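One-letter residues, chain by chain:
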Amino acid sequence: MTDKELMRMANRLRLDVVETVHTAGDGHPGPCMSVADLIAVLYFDEMKIDPANPGWQERDRFILSKGHACPILYAALARRGYFEPEELKKLRSLEGMLQGHPDMQKTPGIDSVSGSLGNGVAIGLGMALGLRMQKVESYVYVAVGDGEMDEGVVWEAAMAAPQQKAGNLIVFGDCNNEQSGGRCTELTSLYPVADKWESFHWHVQTIDGHDIGQIKEAIRRAKGVKDCPSFIEMKTIKGKNIPYMEDNNAWHKKTPTAEEVEIARRALEGRI
Ligand SMILES: [Mg+2]
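Residues numbered from 1 in each chain as written. Predicted model: local features only at pLDDT ≥ 70, side-chain atom pairs only at ≥ 80, totals over all residues.

**Some thoughts on the overall build of the protein chain**
Keep this limit in mind: Numbering goes from the N terminus for both helices and strands, where a helix is a DSSP run of H or I of at least four residues and a strand is a run of E of at least two. Only C-alpha atoms enter the radius of gyration; for comparison, a globular chain is expected to reach 2.2 Å times N to the power 0.38, where N is the number of residues. Contact between two residues is assigned when their C-beta atoms, built from the backbone, lie within 7 Å.
Within the protein chain one finds nine helices and five strands. Going residue by residue from the N terminus, the α and β elements of the protein chain occur as α-α-α-β-α-α-β-α-β-α-β-α-β-α. Radius of gyration (C-alpha) of the protein chain: 17 Å, near the 19 Å computed for a compact globule of 272 residues. Dimensions of the protein chain along its principal axes, counting C-alpha atoms only, are 50 × 45 × 35 Å. The long-range fraction of contacts in the protein chain, counting pairs at least 24 apart against all pairs at least 6 apart in sequence, stands at 74%.

Structure follows, in structure tokens:
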């Protein structure tokens, strides 16, 4: 896909999230919007995947470690053909396959359970090493929230991965400077984030996480480093492109009303 098509897809997925969380009556829309552009690039351009064969051994893997943002991942899986978009209407319902947090046993295309925060980098490292042992040349991508980086297990994996020379592991930090309880920099701040990953001997880049071209280029560079894991700090905005959600932490977990769904639809009109 071209950069413009990917930008439009990211907005399509954003609107899917607003609609599905409205229908479900519960969910975390704000944290979905900051990773929308990344998810669009991964699932519609970058990743080696086959929606008809979700368990394909040679596929690239993706772990949404900040699992509460799963509605955006579900939207991407539906639009990419893993299941019918109609399924999105059953988000968080007992009749559906789309859990409130990702569950690989229930949803085709999900590579790891997540939502108990902090575990994605360690799980991703295990997958990356397993693939290497099996001589499978695939990549493992992980998206971790900046608030999530307060979890200690993130740093256990951050210590281990460079020693294991896990060049097939690429971690994205969704750095929107917000977490459930407020601004990261006013709570247990991990900032400056890039310095910390660098000190753990990762290959580190900092980009605008809403610039499709920068995301693509950062992945290309990360893949060029063969003997070292990569961390890509994405500077993002929580609620991006939904006017009433942008940088408004009240939308961390909140249900849009029917009127707010319409406002979102109008805001994205012409950009989908
Ligand atoms: Mg955050």
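Here the narrative resumes.
**Points about the sheet that holds strand β5 (residues 230–235)**
The line we're drawing: Each pair of strands is called paired provided DSSP finds at least two bridges between the two strands. In this description, a line fitted to the C-alpha atoms serves as the axis of each element, helices being fitted only across the stretch in contact, and the angle between N-to-C directions of two axes falls anywhere from 0 to 180 degrees.
Reading across the sheet, the five strands line up as β1-β2-β3-β5-β4 and stay open at both edges, with parallel pairing between neighbours. Taken across any chain shown, the strands that pair with only one partner, and hence form the sheet edges, are β1 (61–64) and β4 (203–208). Neighbour-to-neighbour, the strand axes of this sheet turn through a mean angle of 20°, independent of strand direction. Here six bridges tie β4 to β5, and the two strands are oriented parallel to one another. Residue Ile207 lies in a different strand from β5, and its bridge partner there is Met234.

**A short note on the nonpolar core**
Our working definition: Buried Ala, Val, Leu, Ile, Met, Phe, Trp, Tyr and Cys residues whose C-beta atoms connect them within 7 Å together make up a nonpolar core. Here a residue counts as buried when 20 or more other C-beta atoms sit within 10 Å of its C-beta, as exposed when there are 12 or fewer, and as partly exposed otherwise, the C-beta atoms being derived from the backbone.
Leu13, Ile39, Ala40 and Ile72 are the most contacted members of the largest nonpolar core, which has 78 residues in total. Take this core: its biggest share by element is nine residues, from helix α1 (residues 3–24). Those residues in contact with Ala40 that sit more than four places away from it in its chain are Leu6, Met9, Ala10, Leu13 and Ala76.

**As for the environment of Ala161**
Among the structural elements, Ala161 can be located in helix α6 (residues 152–163). Note on Ala161: 26 C-beta atoms within 10 Å, which makes it buried. Each C-alpha atom of the pair Ala161 and Gly124 lies 9.7 Å from the other, and the pair is 37 residues apart in sequence.

**With respect to the packing of helix α3 (residues 36–46) against helix α4 (residues 70–80)**
As a reminder, the rule being used: Comment on the angle field: the value is read as roughly parallel under 35 degrees, roughly antiparallel over 145, roughly perpendicular from 65 to 115, and oblique elsewhere. For a crossing to be left-handed, the near helix must be turned anticlockwise from the far one by less than a right angle; the clockwise case is right-handed. Amino acid classes used here: Ala, Val, Leu, Ile, Met, Phe, Trp, Tyr, Cys and Pro are nonpolar; Asp, Glu, Lys and Arg are charged; the rest, including Gly, are polar.
Interaxial distance between α3 and α4 falls to 10 Å at its minimum, and their mutual angle equals 30°. Relative to α4, the element α3 is oriented roughly parallel. Crossing handedness for the pair α3 and α4: right-handed. Residues Ala36, Ile39, Ala40, Tyr43 and Phe44 of α3 lie in contact with α4, whose contacting residues are Ile72, Leu73, Ala76 and Arg80. Partitioning the contact of α3 with α4 into residue classes produces eight nonpolar, no polar and one charged.

**A look at unusual backbone geometry**
Across the junction of Tyr191 and Pro192, the peptide omega takes the value 0°, indicating a cis bond. By the secondary structure assignment, Pro192 is in the loop between β3 (169–175) and α7 (193–199). Here the phi dihedral of His201 falls at roughly 70°; this positive angle occurs in a residue that is not glycine.

**Side note on the pairing of β3**
Side-chain positions along a regular strand alternate between the two faces of the sheet. Within β3, seven of the seven residues are buried, which leaves it mostly tucked inside the rest of the structure. Because side chains alternate across β3, one face comprises the buried residues Leu169, Val171, Gly173 and Cys175, and the other comprises Ile170, Phe172 and Asp174, equally buried. Both β3 and β5 contribute to a ladder of six bridges, which runs parallel. Paired with Val171 across the two strands is Phe231, which belongs to β5.

**Things to note about the environment of Ser138**
Within the fold, Ser138 resides in the loop between α5 (120–133) and β2 (140–145). Between the C-alpha atoms of Ser138 and Leu169, which are 31 residues apart in sequence, the distance is 9.3 Å. Here Ser138 is in contact with Lys48, Glu58, Arg59, Asp60, Arg61, Leu131 and Asn168, once residues within four sequence places are set aside.

**Structural notes on the packing of α1 against α3**
Relative orientation of the contacting elements α1 and α3 amounts to 115°, with a least axis distance of 8 Å. Crossing of α1 against α3: the hand is right-handed. Residues Leu6, Met9, Ala10, Leu13 and Arg14 of α1 pack against Ala36, Asp37, Ile39, Ala40, Val41, Phe44 and Asp45 of α3. Across the contact of α1 with α3, the residue classes break down as nine nonpolar, no polar and three charged.

**A word on the environment of Ser65**
Along the chain, Ser65 falls in the loop between β1 and α4. Spatially, the C-alpha atom of Ser65 lies 9.9 Å from that of Ala122, the residues being 57 residues apart in sequence. In contact with Ser65, not counting residues within four places along its chain, are Ser114, Asn119, Gly120, Val121, Val142, Ala143, Val144 and Glu148.

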